[in-house]
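Residue-level listing of the chains:
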Amino acid sequence: MSLFKIPLILSSAIAVHVALTPPHAPAKSEVVHDTFNEWVIIQHVKYGLPIAKIIYWGVSCAETALILSRITDPSTLPSVIQNAVGPILPRIQDKIQDVPITPHFLFGTAVVAAAGYLRWSCFRTLGRFFTFELTTRKGHQLVTGGPYSVVRHPSYSAAIMQYIGVVILHGSATSWLRQSGVLGIPGLKVVLLGWLLERTVTVVSLVRRINQEEEVVKSMFGDEWKRWAKVVRYRLIPGIY
């Protein structure tokens, strides 16, 4: 059971990594940043995203390493690793427990992975026009196919969806973070709360950006945008908003 958990853990880490990695970097002259909210997003892209990915990979690799340590004979490891982890491994294994696969884990992983795939689909559909910053790029075209034929801001839908999935996966009462005892490591709880706060601010900023982004796109494409908006009426959630 534990071994089957490893690819699921890594799939969520890969999905988060993909979703948080900008596919293209715009020139400074292309970036629209005339609001405080946009400034917040730009700082997040520069500094928040790399840190967020490192923390998520750290948590994922820690649980994976613990699972592997339960089934690996330390004597089969290279001597350098044996000397480094041999004295402390038993204490770590005693203090940090395995947590079995739970319905919350499976559901959270599925949501995170699906959201990562949706974000990737948006990157592919928009191609070089997809940037994390709000931009007006030379030769910009209004793309209305793929996920953009369902809602007008599917990448934001994916960001919100992945945020919810991560909270379910790692914040539920039966999650590894809350059940294993790892939160007893000094400072770790503060780091993870900081990560959650950063993700919350980002998601709120993206939702607040929608009106400004639509005004920018509308000014660029005029009637073409209006015709698309009549067909694709919803911004984030089909049939709701």
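Residues numbered from 1 in each chain as written. Predicted model: local features only at pLDDT ≥ 70, side-chain atom pairs only at ≥ 80, totals over all residues. Heavy atoms only, no water.

Peer 1: In this structure, what is going on with the overall build of the chain? I would like to understand it.
Peer 2: When helices and strands are tallied, the chain shows nine helices and zero strands. Each helix and strand of the chain, ordered N terminal to C terminal, gives the series α-α-α-α-α-α-α-α-α. Going through the 241 residues of the chain one by one, you find that 43% of them count as buried. Sequence-distant contacts in the chain: of pairs separated by 6 or more residues, those separated by 24 or more amount to 82%. (Helix = DSSP H or I, 4+ residues; strand = E, 2+ residues; numbered from the N terminus. Buried < 20%, exposed > 50% of the residue type's maximum accessible area, 1.4 Å probe, protein only. Contact = heavy atoms within 4.5 Å.)

Peer 1: Looking at this structure, how should I read the pattern of salt bridges?
Peer 2: It is possible for side chains bearing opposite charge to pair when their charged atoms get close. Taken as a whole, this structure holds six salt bridges when the rule is applied. With a shortest N-O distance of 2.6 Å, glutamate 38 and arginine 209 are connected by a salt bridge. In this pair, glutamate 38 is assigned in helix H2 (residues 36-71) and arginine 209 in helix H8 (residues 188-221), connecting sequence segments 171 residues apart. Like glutamate 38, the residue arginine 209 is buried in the burial classification. Residue glutamate 214 is joined to arginine 235 by a salt bridge in which the shortest nitrogen-to-oxygen separation is 3.3 Å. Here arginine 235 lies in the segment after helix H9 (223-231) and glutamate 214 lies in helix H8, a separation of 21 residues in the sequence. What emerges from the salt-bridge pattern is a single network uniting Arg152, Glu214 and Arg235. (Salt bridge = Lys/Arg side-chain N within 4 Å of Asp/Glu carboxyl O.)

Peer 1: Quick question: what am I supposed to make of helix H6 (residues 154-171) here?
Peer 2: Because each turn of an α-helix spans 3.6 residues, side chains separated by three or four positions in sequence point in the same direction. In this model H6 runs 25 Å from its N-terminal to its C-terminal C-alpha over 18 residues, within 8% of the 26 Å that 1.5 Å per residue would give. Every buried residue belonging to H6 is among Pro154, Ser155, Tyr156, Ser157, Ala158, Ala159, Gln162, Gly165, Val166, Leu169 and His170, and all of these are buried. (Expected span 1.5 Å × (residues − 1).)

Peer 1: When you look at the packing of H6 against H8 in this model, what are you seeing that I'm missing?
Peer 2: The packing of two helices is summarised by the inter-axis angle and the distance between the axes. Two elements in contact, H6 and H8, have axes separated by 10 Å at closest approach and are oriented at 160 degrees. Relative to H8, the element H6 is oriented roughly antiparallel. H8 is crossed by H6, and the crossing has left-handed handedness. Here Tyr156, Ala159, Ile160, Tyr163, Val166 and Val167 of H6 come into contact with H8, specifically with Trp195, Leu196, Arg199, Thr200, Val203, Leu206, Val207, Arg209, Ile210 and Glu213. Each residue belonging to the contact of H6 with H8 can be placed in one class, and the counts come to twelve nonpolar, one polar and three charged. (Axes fitted to C-alpha atoms, helices over the stretch in contact; angles between N-to-C directions. Parallel < 35°, antiparallel > 145°, perpendicular 65-115°, else oblique. Left-handed = near helix turned anticlockwise from the far one by under 90°. Nonpolar A, V, L, I, M, F, W, Y, C, P; charged D, E, K, R; others polar.)

The values are spatial; any link to function lies outside them.
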